Amino acid sequence: FRAEPLLTDFYAEVTASPNYCGAEDEYGLMIRVTGIRRDHYRLSLNCSGEALAYRVVNDRNIQIVQPVSHPIIPKIFPSSSRLAVWVQGRTLRFFINDVFIFEVEDTVISRGSVGVFARGSSLDALLVNFSSLEVYTFDGGGMSAAFPQLPFTPDLAETCVAEVVRALAHPSRQLFLESYDQMRL
């Protein structure tokens, strides 16, 4: 995730392209990431074709949306989807390929940055490529780019893939992508 800027009301979208994915594996967007413990909301797709959401505070995952099935959620891999979130006040809205999936109201985390994640839960490999991250803030009735020229380059994408592969060997099999500067190998 990027430590800055700290966002309150914003729209973000990223292309997620899972290539290898086990049924219980998850990937998606982290929003309002803040603090040393990286408290955040996690808007997630699992590889069984469901969308769900968690609130992560003090390293505790609390599911705030039950799994939602929708025909647009990929179940076959490799695939590619455009994940988007509209965050305004206490309302979080999740979209896949411009299709509304769910909305949740929560006030625990009021601001933070944006990131992506991939979490392997099975013994199978998990490989997800993320690209084309765009983040816009709301300012006076319009939207402006929060990251005018986000440096999500092919080199960074290769680093993300390397981090996912390295995370597969970690006992927790949990991956949080760090900011661009921290991700260089």
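Calculation rules
- Residues numbered from 1 in each chain as written.
- Predicted model: local features only at pLDDT ≥ 70, side-chain atom pairs only at ≥ 80, totals over all residues.
- Heavy atoms only, no water.
- Helix = DSSP H or I, 4+ residues; strand = E, 2+ residues; numbered from the N terminus.
- Disulfide = S-S within 2.5 Å.
- Buried < 20%, exposed > 50% of the residue type's maximum accessible area, 1.4 Å probe, protein only.
- pLDDT = per-residue confidence, 0-100.
- Contact = heavy atoms within 4.5 Å.
- Core = buried A, V, L, I, M, F, W, Y, C linked by side-chain atoms within 4.5 Å.
- Phe/Tyr/Trp six-rings, centres within 6.5 Å; stacked < 30°, edge-to-face > 60°.
- Lys NZ or Arg CZ within 6 Å of the ring centre and 35° of its normal.
- Salt bridge = Lys/Arg side-chain N within 4 Å of Asp/Glu carboxyl O.
- Pairing = 2+ DSSP bridges.
- Lys, Arg positive; Asp, Glu negative; His and termini not counted.
- Polar contact = N/O pair within 3.5 Å; in protein donor to acceptor, adjacent residues only side chain to side chain.

Student: What is the right way to look at the environment of Y41 in this model?
Tutor: Within the fold, Y41 resides in strand β3 (residues 39-46). Expressed as a C-alpha distance, the spacing of Y41 and M30, which sit eleven residues apart in the sequence, is 5.7 Å.

Student: Just to check I follow, could you spell out the state of the cysteines for this structure?
Tutor: Working definition of a disulfide: a covalent bond connecting the sulfur atoms of two cysteines. Within the structure shown, the criterion is met by one disulfide. For C21, the disulfide goes to C47, at an S-S distance of 1.4 Å. Taken together, the residues C21 in the loop between β1 (10-20) and β2 (26-34) and C47 in the loop between β3 and β4 (50-57) connect sequence positions 26 residues apart. Pair check on accessibility: C21 and C47 agree, each one buried.

Student: Would you take a moment to explain the confidence of the model for the protein chain for this structure?
Tutor: Detailed conclusions should not be drawn from predicted coordinates in areas where pLDDT is low. Across the protein chain, the average pLDDT comes to 77, with 73% of residues at 70 or higher. The low-confidence segment residues 147-185, where pLDDT is below 50, has 64 contacts with residues more than four positions distant or belonging to other chains.

Student: How do you make sense of the nonpolar core when you look at a structure like this?
Tutor: Looking at soluble globular proteins, one finds that nonpolar side chains tend to be buried together. If you look at the biggest cluster of nonpolar residues, it comprises 36 residues, and the most contacted ones within it are F10, Y27, I31 and F94. Every residue in contact with F10, bar those within four places of it in the chain, is listed here: I31, R32, V85, W86, V87, V114, V135, Y136, T137 and F138.

Student: In this structure, what is going on with unusual backbone geometry? I would like to understand it.
Tutor: Phi is mostly negative for residues that are not glycine, and the peptide bonds are mostly trans. Note the cis peptide between F77 and P78, where omega equals 10 degrees. Phi is positive for R32, which is not a glycine, with a value near 55 degrees. Along the polypeptide, R32 turns up in strand β2. A positive phi angle, near 50 degrees, is found at N97, a position not held by glycine. Examined against the element boundaries, N97 turns out to sit in the loop between β7 (91-96) and β8 (99-105).

Student: Which parts of the structure should I look at to understand the packing of aromatic side chains?
Tutor: Where two aromatic rings form a pair, the distance of their centres and the angle of their planes describe that pair. Inspection of the entire model under this criterion finds three aromatic pairs. Each ring, one from F94 and one from F102, has its centre 5.3 Å from the other, and the planes form 45 degrees; the classification is tilted. Taken together, a centroid distance of 5.6 Å and an interplanar angle of 70 degrees make the contact between F95 and F100 edge-to-face. Exposure remark for F100: the relative accessible area of 41% places this residue in the partly exposed category. Here the basic side chain of R42 rests over the ring of Y54, its NZ or CZ set 5.5 Å away from the ring centre. Cation over ring: R42 sits above F117, and NZ or CZ is 5.1 Å from the ring centre.

Student: Looking at this model, I keep getting lost on the pattern of salt bridges. Mind explaining?
Tutor: One side chain can pair with another of opposite charge once the charged atoms of both are near each other. On inspection of all chains with the given rule, the structure shows six salt bridges. The partner of R119 in a salt bridge is E26, with the nearest N and O atoms 3.0 Å apart. One end of the pair, R119, is in strand β9 (residues 113-119); the other, E26, is in strand β2, and 93 residues separate them in sequence. You'll find R119 and E26 in the same group, each marked buried. Among the ionic contacts, a cluster of salt bridges with common partners joins E13, R82 and E134.

Student: Just checking my understanding: could you explain the pairing of β1 for this structure?
Tutor: Walk down a regular strand and you will see the side chains alternate between the two sheet faces. Across the eleven residues that make up β1, a large majority, nine, are buried. In this structure, β1 lies alongside strand β6 (residues 81-88), joined through seven bridges in antiparallel fashion. Bridge pairing in β6 places A16 opposite S81.

Student: Explanation requested: the environment of V33 in the structure shown.
Tutor: Tracing the chain through its elements places V33 in strand β2. C-alpha separation for the pair V33 and E4, spaced 29 residues apart in sequence, amounts to 9.6 Å.

Student: Explanation requested: the side chain of R42 in the structure shown.
Tutor: Structurally, the position occupied by R42 is in strand β3. Among buried charged residues, R42 stands out as having no salt bridge; its nearest opposite-charge side chain is E26, 5.0 Å away. Polar contacts involving the side chain of R42 include one to the side chain of N61, which spans 3.5 Å.

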